[in-house]
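Each chain, written out:
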Amino acid sequence: MQPNVIASLRQALTDLETEKATVDRQIAAIRLVLGDGKSSAPALRVVPKPKQRTMSAAARTLISERMKALWVKRRAAAKTKTKSVPTK
């Protein structure tokens, strides 16, 4: 019976330590927002959002022309492929 008590106590201790770490992080975040300067935890690192690239009008036009040419080739290839296949 004693090993069960020890195992239970160890599990309870692990759970409490996990909860304490969570509460400490929350306290540090609140102190950071309030500007107390008493943050015991390291400052939370803010990761900047990556800059979204924009495409120029000339680039869009160029891509559009290339895609139109690609689809013309595909349609032509599909037509020749269907013509060469004999039907029963």
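Scroll up to find the structure.
### Thoughts on the overall build of the protein chain
Of the regular secondary structure elements, the protein chain holds two helices and zero strands. By residue count, 1% of the 88 residues in the protein chain fall in the buried class.

### A look at a nonpolar patch on the surface
There is a patch of nonpolar side chains on the surface, built from Met55, Ile63, Met67, Leu70 and Trp71 and spanning about 450 Å² of accessible area. Position of Ile63 relative to the elements: it lies in helix H2 (residues 57-84). According to the relative accessible area criterion, Ile63 is partly exposed, its value standing at 42%.

### Focus on the pattern of salt bridges
Tallied over the entire structure, the rule returns one salt bridge. Between Asp24 and Lys20 there is a salt bridge, with the nearest N and O atoms lying 3.1 Å from each other. In this pair, Asp24 and Lys20 both sit in helix H1 (residues 2-34), four residues apart, roughly one turn of the helix. Since its relative accessible area comes to 53%, Lys20 is described here as exposed.

The rules we used
Residues numbered from 1 in each chain as written. Predicted model: local features only at pLDDT ≥ 70, side-chain atom pairs only at ≥ 80, totals over all residues. Heavy atoms only, no water. Helix = DSSP H or I, 4+ residues; strand = E, 2+ residues; numbered from the N terminus. Buried < 20%, exposed > 50% of the residue type's maximum accessible area, 1.4 Å probe, protein only. Patch = residues over 30% accessible without salt bridge, like charges linked within 9 Å, V, L, I, M, F, W, Y side chains within 5 Å. Areas by Shrake-Rupley, 256 points an atom, 1.4 Å probe, with all protein chains shown as cover. Salt bridge = Lys/Arg side-chain N within 4 Å of Asp/Glu carboxyl O.

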